[in-house]
Amino acid sequence: MTMLRVMTYNILEGANDRLDVVASVVRAADPDVLGVTEANGFEDPKRLKEVEKAFGMKGVVGHAKSGFHVAIFTKPAWTVEASGSEFYPFFHAALWAKLRFDKDRHFTAVVAHLNPFSPDERLAEVRALCRHAAPKERAVLMGDFNCMAPGDEIDQSVLELPRNILARFIKEAGDPVEFDRREIALAEWAGFVDVYRKMVPKKPGWTLMTTRFGAALRSRMRIDYMLATPGMSKRATSSEVIETNESRRASDHYPLMATFDMRGMGTGKSEKWIPLEK
């Protein structure tokens, strides 16, 4: 294996009645590592096995009190050496997994579903996740972050949202309103690189809403992200929002993929790992 394909996907409330469609999207995209948000119901071992069979991957689940769990799935060639939920009290959940292909090719995958209601709470959640941006750490942080990034244009469809919903993204009310972009700005300041924006600087990269499930709001936003530490981001060769006939009807979010070149990776020594203090 020389290329590593990592995908993040909000599958909408566990894809209870759409697993076949979601699975067809996953299999067509063919990721090596998949971070899932809204993995509702995956705490049930029977359901998890059903999803693993549908995806052709093995999964670990990060539990959320809200029921909106997160999960990391890997192809059989990858070993999950360790995994665990973040200790910070996330509104939903965040999960890390230390993954290894061989002695040199290994990294930490982190999937998170940030607070959908409060910019201040999202910012606190990002602060907790910034530990994975430690120097020399080889990590990919992905998921549904429910926020806008610095420099991204705001589509007119977002401005047309009802104000009670729009308030979730606002830093300062006014005319015009100021959108809160501190979450991604903080992650980048800590050392993470926005892989999609690095690889695709000019396209909007909307991940929400898909044409089927966006009928009620019809808002177009980029709120799903793939962030990487500098060493990993240098290996990125491509990134794309996967918009197909199947992905349009599988969920309200489009999946986001990034590909990394693993040739020449590592020294054979274990990567530095910094556990979070309880």
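Owing to the predicted nature of the structure, the values given are computational and were not obtained by experimental measurement.

Thresholds, definitions, all that
- Residues numbered from 1 in each chain as written.
- Predicted model: local features only at pLDDT ≥ 70, side-chain atom pairs only at ≥ 80, totals over all residues.
- Heavy atoms only, no water.
- Pairing = 2+ DSSP bridges.
- Helix = DSSP H or I, 4+ residues; strand = E, 2+ residues; numbered from the N terminus.
- Axes fitted to C-alpha atoms, helices over the stretch in contact; angles between N-to-C directions.
- Contact = heavy atoms within 4.5 Å.
- Parallel < 35°, antiparallel > 145°, perpendicular 65-115°, else oblique.
- Nonpolar A, V, L, I, M, F, W, Y, C, P; charged D, E, K, R; others polar.
- Core = buried A, V, L, I, M, F, W, Y, C linked by side-chain atoms within 4.5 Å.
- Buried < 20%, exposed > 50% of the residue type's maximum accessible area, 1.4 Å probe, protein only.

How do you make sense of the sheet that holds strand β3 (residues 58-62) when you look at a structure like this?
Strands pair in a sheet through their backbones, by hydrogen bonds, and they do so in one of two ways: parallel or antiparallel. Strand order in the open sheet formed by six strands is β3-β4-β2-β1-β14-β13, and the pairing between neighbours is mixed. Two strands close off the open sheet at either side, each with one partner strand: β3 and β13 (236-241). The mean inter-strand angle of the sheet, taken between neighbouring strand axes irrespective of direction, is 15 degrees. The pairing of strand β2 (residues 33-37) with strand β4 (residues 70-74) spans five bridges and is antiparallel. Among the inter-strand pairings, Gly35 is bridged to a residue of β4, identified as Ile72. Helix α1 (residues 19-29) rests against β1 (3-10), β2 and β14 (256-261) of the sheet, and its axis sits at about 160 degrees to β1.

Where do I start with the packing of α1 against helix α2 (residues 45-55) in this structure?
A pair of packed helices can be characterised by two numbers: the angle between their axes and the separation between those axes. Contact pair α1 / α2: the axes reach a minimum separation of 8 Å and the direction vectors enclose 45 degrees. Viewed along their axes, α1 and α2 adopt a mutual orientation that is oblique. Together, Leu19, Val22, Ala23, Val26 and Arg27 of α1 and Arg47, Glu50, Val51, Lys53, Ala54 and Phe55 of α2 make up the contact between the two elements. Each residue belonging to the contact of α1 with α2 can be placed in one class, and the counts come to seven nonpolar, no polar and four charged.

Help me understand the nonpolar core, please; the structure alone is not making it clear to me.
Across soluble globular proteins, nonpolar side chains have a tendency to be buried as a group. Formed by 30 residues in total, the largest nonpolar core has its most connected members in Leu4, Val6, Val33, Phe107 and Phe260. Sorting elements by how many residues they give to this core places strand β6 (residues 93-100) first, with four residues. Contacts of Leu4, omitting those with residues within four sequence positions, involve Asp32, Val33, Trp78, Phe107, Met232, Ala258, Thr259, Phe260 and Met262. Tyr9, Val22, Leu34 and Ala250 belong to the second largest nonpolar core, which has 26 residues in total.

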